[in-house]
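A look at the structure
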Amino acid sequence: MTAQPDEVARADAVHRTPVPPPEGPLTTEGRGLLEQHRAWEAVEPLRRAVACREPGAVDLLVRAYLDSGSWTAAIEFLAPLVEQGHLEFAGRLGVAFGELGDHSRAEQMLRLAVAQRELPAANDLALLLRADGRFAEAVRVLTDAAEAGDPQAPDNLVALHLEAEDLAAAVVAAERYADERRPDALVALADVRAVQGRDAEAESLYRRAGELGAVRAHTAYAAFLVARGDLDGADREYREAERHNEPGWAWTIGRFLLDTGRPEAARWYLEMAVTWGDRAAAEALAELDGVDPADD
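None of these values were measured; they are calculated from a predicted model. All residue numbers here refer to positions counted from 1 along the written sequence of the relevant chain. Predicted model: local features are reported for residues with pLDDT of at least 70 only, side-chain atom pairs are reported and counted for 80 or more only, and whole-chain, interface and lining totals are derived from all residues. Side-chain measures here rest on the full set of heavy atoms in the structure, leaving out hydrogens and waters.

Let's talk about the overall build of the protein
Strands are runs of DSSP state E lasting at least 2 residues, helices are runs of H or I lasting at least 4, and numbering of each runs from the N terminus. Looking only at helices and strands, the protein has 18 helices and zero strands in total. Categorising residues by exposure relies on relative accessible area from a 1.4 Å probe, with only protein chains included: less than 20% of the type maximum marks a residue as buried, more than 50% marks it as exposed, and the intermediate range marks it as partly exposed. By residue count, 41% of the 296 residues in the protein fall in the buried class. Considering only residue pairs separated by 6 or more positions, the protein has 42% of its internal contacts joining residues 24 or more positions apart. Put simply, the protein shows about 15,800 Å² of open surface, and 52% of that area lies on carbon and sulfur atoms. Positive: Lys, Arg. Negative: Asp, Glu. His and the chain ends are not part of the count. Note on charges: their place is set at NZ of Lys, CZ of Arg, CG of Asp or CD of Glu. Where the 31 positive side-chain charges of the protein centre and where its 54 negative ones centre are 4 Å apart. Whether two residues touch is decided by their heavy atoms; if any such pair falls within 4.5 Å, the residues are in contact. All accessible areas in this document rest on Shrake-Rupley with a 1.4 Å probe, and a residue is counted as covered only by the protein chains that are shown.

Focus: the nonpolar core
In this structure, Leu93 and Tyr206 are the most contacted members of the largest nonpolar core, which totals 84 residues. Contacts of Leu93, omitting those with residues within four sequence positions, involve Ile75, Leu78, Ala79, Val82 and Met109. Within this scheme, the nonpolar core is defined by two criteria: the residues are buried Ala, Val, Leu, Ile, Met, Phe, Trp, Tyr or Cys, and they are joined through side-chain atoms within 4.5 Å.

What about the confidence of the model for the protein?
pLDDT measures the predictor's confidence residue by residue and takes values from 0 up to 100. Confidence in the prediction of the protein, expressed as mean pLDDT, is 91, and 92% of residues score 70 or more. Least confident of the elements in the protein is helix H1 (residues 5-15), whose mean pLDDT is 48; most confident is helix H13 (residues 199-211), at 98. Considering only residues more than four positions removed or in separate chains, one finds that residues 7-11, a stretch of pLDDT under 50, has one contact.

Here's the deal with the layout of surface pockets
Only protein atoms enter the 1 Å grid, on which a cavity is a set of points fitting a 1.4 Å probe that cannot get out and a pocket is an open set with protein on both sides within 12 Å along at least 5 of 7 lines, lining residues being those with an atom within 4 Å of a point. Grid points are joined across faces, edges and corners, and a volume is the space filled by probe spheres set on the points. When its volume is computed, the second largest pocket comes out at roughly 150 Å³. Lining the second largest pocket we find Arg111, Val114, Arg117, Leu119, Ala122, Leu125, Val141, Asp144, Ala145 and Ala148. Taken together, the elements giving at least two residues each to the lining of the second largest pocket come down to helix H7 (103-115), helix H8 (120-131) and helix H9 (135-147). Per element, the largest residue contribution to the lining of the second largest pocket is three residues, and it comes from H9. When residues are sorted by character, Ala, Val, Leu, Ile, Met, Phe, Trp, Tyr, Cys and Pro go into the nonpolar class, Asp, Glu, Lys and Arg into the charged class, and all the rest, Gly among them, into the polar class. A breakdown of the residues in the lining of the second largest pocket according to their chemical character gives seven nonpolar, no polar and three charged.

Describing the pattern of salt bridges
Should a side-chain nitrogen of Lys or Arg be within 4 Å of a carboxyl oxygen of Asp or Glu, the pair is scored as a salt bridge. Within the structure shown, the criterion is met by 30 salt bridges. A salt bridge links Glu175 to Arg193, with the nearest nitrogen and oxygen atoms 2.9 Å apart. A residue pair is termed long-range when its members are at least 10 positions apart, and Glu175 in helix H11 (residues 167-177) and Arg193 in helix H12 (residues 183-195) qualify at 18 residues. The exposure class assigned to Glu175 is partly exposed, which follows from its relative accessible area of 43%. Here the salt bridges share partners, and the residues they tie into one network are Glu107, Arg111, Arg134 and Glu137.

Comments concerning the packing of helix H14 (residues 217-227) against helix H15 (residues 231-243)
Where H14 contacts H15, the axes come no closer than 8 Å and their chain directions differ by 165°. Taken together, the axis directions place H14 and H15 in an arrangement best described as roughly antiparallel. Seen from above, H14 lies across H15 with left-handed handedness. Residues His218, Thr219, Tyr221, Ala222, Ala223, Leu225 and Val226 of H14 touch H15, and the partners they reach there are Leu231, Gly233, Ala234, Arg236, Glu237, Tyr238, Glu240 and Ala241. Its residues assigned to classes, the contact of H14 with H15 shows nine nonpolar, three polar and three charged. Interaxial angle, 0 to 180 degrees, is taken between N-to-C directions of lines fitted to C-alpha atoms, where a helix line uses only the stretch in contact. Any angle that is under 35 degrees is reported as roughly parallel, and any over 145 degrees as roughly antiparallel; angles of 65 to 115 degrees are reported as roughly perpendicular and all others as oblique. Note on convention: near helix rotated counterclockwise from far helix by under a right angle means a left-handed crossing. Clockwise means right-handed.

Thoughts on the side chain of Asp191
Here Asp191 shows up in helix H12. There is a polar contact of 2.3 Å between the side chain of Asp191 and the side chain of Arg216. Residues in contact with Asp191, not counting those within four places in the same chain, are Asp155, Leu162, Tyr206, Arg216 and Ala220. Under the rule applied, a polar contact is a pair of N or O atoms within 3.5 Å (in protein, one hydrogen donor and one hydrogen acceptor; residues adjacent in sequence only if both atoms are side-chain atoms).

Notes on the packing of aromatic side chains
Only centres within 6.5 Å qualify two rings of Phe, Tyr or Trp (six-membered ring in Trp) as a pair; their planes then separate them into stacked at under 30 degrees, edge-to-face at over 60, and tilted for everything else. Evaluation of the coordinates by the stated rule reveals eight aromatic pairs. For the pair Trp249 and Tyr269, a centre-to-centre distance of 6.2 Å together with 80° between the ring planes defines the contact as edge-to-face. You can see Trp249 sitting in helix H16 (residues 249-259) and its partner Tyr269 sitting in helix H17 (residues 263-275), a full 20 residues away along the chain. An aromatic cluster is present here, built from Trp249, Trp268, Tyr269 and Trp276 joined pairwise through their rings.

Considering unusual backbone geometry
With a phi close to 60°, Arg53 is a non-glycine residue in the positive phi region. Counting through the fold element by element, Arg53 comes out in the loop between helix H3 (39-51) and helix H4 (57-67). Residue Glu165 is not a glycine yet carries a positive backbone phi of 60°. Here Glu165 lies in the loop between helix H10 (153-163) and H11. Assessed through its relative accessible area of 73%, Glu165 is described here as exposed.

Description of H7
Expected helix span is computed as 1.5 Å times (number of residues minus one). With 13 residues, H7 should reach 18 Å at 1.5 Å per residue; the first-to-last C-alpha distance of 18 Å fits that figure. All of the buried residues along H7 are Ala106, Glu107, Met109, Leu110 and Ala113. In this structure, the buried residues of H7 make contact with helix H5 (71-83), helix H6 (90-99) and H8. At the exit of H7 stands Arg117, carrying a positive phi of roughly 70°.

Here's what the structure looks like:
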C-alpha cells in the first residue's frame, strides 16, 4: 500500500534533526576573538549580541567574562539569571564568586550545580574545599564525580592525593579509573608512574593521552620532561599545549621561559595570562619588572 503524503510528512518529521538557528554577526565576531585568545575584546560585541538576542550569545559572553578574569562583571551578569531559575549557570557563577574570595557563596552555587548533575562543577567545588583545608570533603566530591563518569575528576582526585603525599591512595585511584575512554585519567596514571620512578611507562602514557586529546596531556608531559632535564622536549610539549589551548598554557610557558633564563620571551605569555586573571602570572610579571609583590 502506497503511503499518503501526510504519512510521509509525519515520518520525515520524526527523523529530522533540529537545525540550530543561525549565529548572528556580533556573536560570530565574539566567537572569533575568543578563539584568538582575545577575551577582553570579545566582551563588547558579545554584550551587544546578548542585547540583540542573538542565538548562542549568552554562553559566549559568560565565557568571555571568565576567560578575561572579569569576575565582578560575570557575577553581575550571572546572578540574576540564576535567580530567575537558569541553574545551568550556577557552576560558572560559583567559579566567579570563588575567584573573588567569596567562598561561602561560591560553595553554595557549586553545590547547586552539582545537585543539578553538572558534573564538571564538582571539580571546581573540590578545588574550593581543598583551598579551605577540607581535604576529606574534596576527596568525596571528586570520588562521586569520578564514579558518575566525569572525565576530569579522576585526574583531579589523583592530583589531590599526590599533593597530600599519599602515593598509595593516588596509585589506587589512578589504576581504578585509567581507561582510554577517559584520556585525562591516563595523564593521572602517568603522573603516578613518574612519582614511582617508572619513567618509560609514564612517558608512554603521556604520549597516548595526548593522542587521545586529554585536556592537560602536553602540559603534564612537558613538566615530566623538565624534571628529567630534557628542556628541548619540554619546550616542544609546551608549544603543543599552546596549540591545543590547554588550561593555563600561557602561565606555564611563561614560567618555563623564566626558569630557563628567557625573561623577555616570557613576558608576552605572562602578560596574556594576566589578562585571564592569573594571579601567579601577575606576581611573576611584577617581579620581572622589579616590583616587590609584598609592596602595597
